[in-house]
Amino acid sequence: MKAKMILLAALIVGIIACDANANSENKKVELKTELDSVSYVIGQSIGMNLEKDNLKDINLDAFLSGIRTSFGIEKDTLIKPEVAGQLINGYLTKVKNKAGESNLKEGEKFLAENKTKEGVKETASGLQYKVIREGEGAKPLATNRVKVHYHGTFIDGTVFDSSVDRGQPAEFPLDRVIPGWTEGLQLMKVGSKYKFFIPANLAYGLNGPGEIGPNRALVFEVELLDILK
């Protein structure tokens, strides 16, 4: 409880500080106390989350007014709570769809160019793959549980997930992962290492979690280590 009160106080201090510096846009904030630093970190954290959710263009004055209202610093509520949820859900849906359209176009362009490269093959579903190393073991079925090492990136090369980097192979039922993995790993023999180029509809579609986001094409290097009993 005490920790929550400190954080709440820090946030209020941060809001007051923002108001005090409203006319000093280029003035650098001084972090003189621990509470100043905590206030800054809270604001930074909120900002990073807003950017992650594609909300970095929000009206900061309106944002701060909403916070002040919730704390009783401002008395007049401009938007009634009963319509707030509907408003933000509608807006987030628009933001998601817009991001999804952009990601889809980028992915389609990348895959159209990628399939012309040497060694890249494409299946009927649109999954693209390249054999890095061909193994000599058995091929898994969709009903099998497998053990793999993988390295996942976006089409620009940014790493978003990697069992290789963690140093810990992953194990999972092959029918419980994205369709591109379910299809792709059934092409592999144990001991193989492939590179998969997965279109959005065979990845997470509109419901990409976290930093993946909607309709993003993904690239994975996957090494099939074993088919588990």
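Before reading further, recall that the structure is shown in the block above.
Bear in mind the structure is a predicted one, so any value in this text is a computation, not a measurement. (Residues numbered from 1 in each chain as written. Predicted model: local features only at pLDDT ≥ 70, side-chain atom pairs only at ≥ 80, totals over all residues. Heavy atoms only, no water.)

**Here we look at helix α3 (residues 60-70)**
- The complete set of buried residues in α3 reads Leu 64, Ser 65, Ile 67, Arg 68 and Thr 69.
- The backbone nitrogen of Asp 61 lies 3.0 Å from a side-chain oxygen of the residue at the head of α3, namely Asn 59. (Buried < 20%, exposed > 50% of the residue type's maximum accessible area, 1.4 Å probe, protein only. Helix = DSSP H or I, 4+ residues; strand = E, 2+ residues; numbered from the N terminus. Polar contact = N/O pair within 3.5 Å; in protein donor to acceptor, adjacent residues only side chain to side chain.)

**Overview of the packing of aromatic side chains**
- Within this structure, the stated rule accounts for nine aromatic pairs.
- Centre to centre, the rings of Phe 160 and Phe 220 are 5.6 Å apart; their planes meet at 80°, and the pair counts as edge-to-face. In this pair, Phe 160 is assigned in strand β4 (residues 159-162) and Phe 220 in strand β7 (residues 218-228), connecting sequence segments 60 residues apart. Both residues of the pair, Phe 160 and Phe 220, count as buried.
- We note Arg 216 situated over the ring of Phe 154; from NZ or CZ to the ring centre the distance is 4.1 Å. (Phe/Tyr/Trp six-rings, centres within 6.5 Å; stacked < 30°, edge-to-face > 60°. Lys NZ or Arg CZ within 6 Å of the ring centre and 35° of its normal.)

**Things to note about the pattern of salt bridges**
- The full count for this structure, using the stated rule, is five salt bridges.
- A salt bridge links Lys 32 to Glu 30, with the nearest nitrogen and oxygen atoms 3.6 Å apart. Both residues of the pair, Lys 32 and Glu 30, belong to the exposed class.
- A salt bridge links Arg 166 to Asp 161; the shortest N-O distance between them is 2.6 Å.
- Residue classification places Arg 166 among the partly exposed positions, given a relative accessible area of 48%.
- Assessed through its relative accessible area of 26%, Asp 161 is described here as partly exposed. (Salt bridge = Lys/Arg side-chain N within 4 Å of Asp/Glu carboxyl O.)

**Some words on the pairing of strand β6 (residues 193-198)**
- Note that strand β2 (residues 128-133) and β6 share five bridges and pair antiparallel. Across the sheet, Arg 133 pairs through a bridge with Lys 193, a residue of β6.
- Across six bridges, β6 lies against β7 in antiparallel orientation. Paired with Lys 195 across the strands is Glu 221, a residue of β7. (Pairing = 2+ DSSP bridges.)

**Re the nonpolar core**
- The biggest cluster of nonpolar side chains holds 24 residues, and the ones touching the most others in it are Val 148, Trp 181, Leu 185, Phe 196, Ile 198, Phe 220 and Val 222.
- Listed by contribution, the elements that provide at least two residues to this core are β3 (145-154), β5 (170-173), α6 (179-185), β6 and β7.
- What Val 148 contacts, discounting residues up to four positions off in sequence, is Ser 163, Pro 169, Ala 170, Phe 172, Trp 181, Leu 185, Val 222, Glu 223, Leu 224 and Leu 225.
- Counting residues in hydrophobic clusters, the runner-up holds six residues, among them Phe 110, Val 120, Phe 197 and Ala 217. (Core = buried A, V, L, I, M, F, W, Y, C linked by side-chain atoms within 4.5 Å. Contact = heavy atoms within 4.5 Å.)

**A short note on the pairing of β3**
- Counting buried residues in β3 gives seven out of ten residues, a clear majority hidden from the surface.
- Relative to β5, β3 runs antiparallel, the two sharing four bridges. Considered in β5, the bridge of Lys 147 is made with Glu 171.
- Note: β3 against β7, ten bridges, orientation antiparallel. Considered in β7, the bridge of Val 148 is made with Leu 224.
- Taken together, the three bridges between β3 and β4 define a ladder with antiparallel strand orientation. Along β4, the bridge assignment pairs His 151 with Ser 162.
- Connecting β3 to the next strand, β4, in antiparallel fashion are four residues, including Gly 157 with a positive phi near 95°.

**Brief notes about helix α4 (residues 81-114)**
- Taking 1.5 Å per residue, 34 residues should reach 50 Å; α4 reaches 49 Å between its end C-alpha atoms and fits that length.
- For α4, the full list of buried residues reads Val 95, Ala 99, Gly 100, Asn 103, Gly 107, Phe 110, Leu 111 and Asn 114. (Expected span 1.5 Å × (residues − 1).)

**Thoughts on the side chain of Ser 192**
- Relative to the elements of secondary structure, Ser 192 occurs in the loop between α6 and β6.
- A polar atom in the side chain of Ser 192 sits 2.8 Å from the backbone oxygen of Lys 189.
- If we ignore the near neighbours within four places in the chain, the residues touching Ser 192 are Arg 133, Glu 134, Gly 135, Val 222, Glu 223 and Leu 224.

**With respect to unusual backbone geometry**
- For Asn 215, which is not a glycine, the phi torsion comes out positive at approximately 55°.
- Its location among the elements puts Asn 215 in the loop between β6 and β7.

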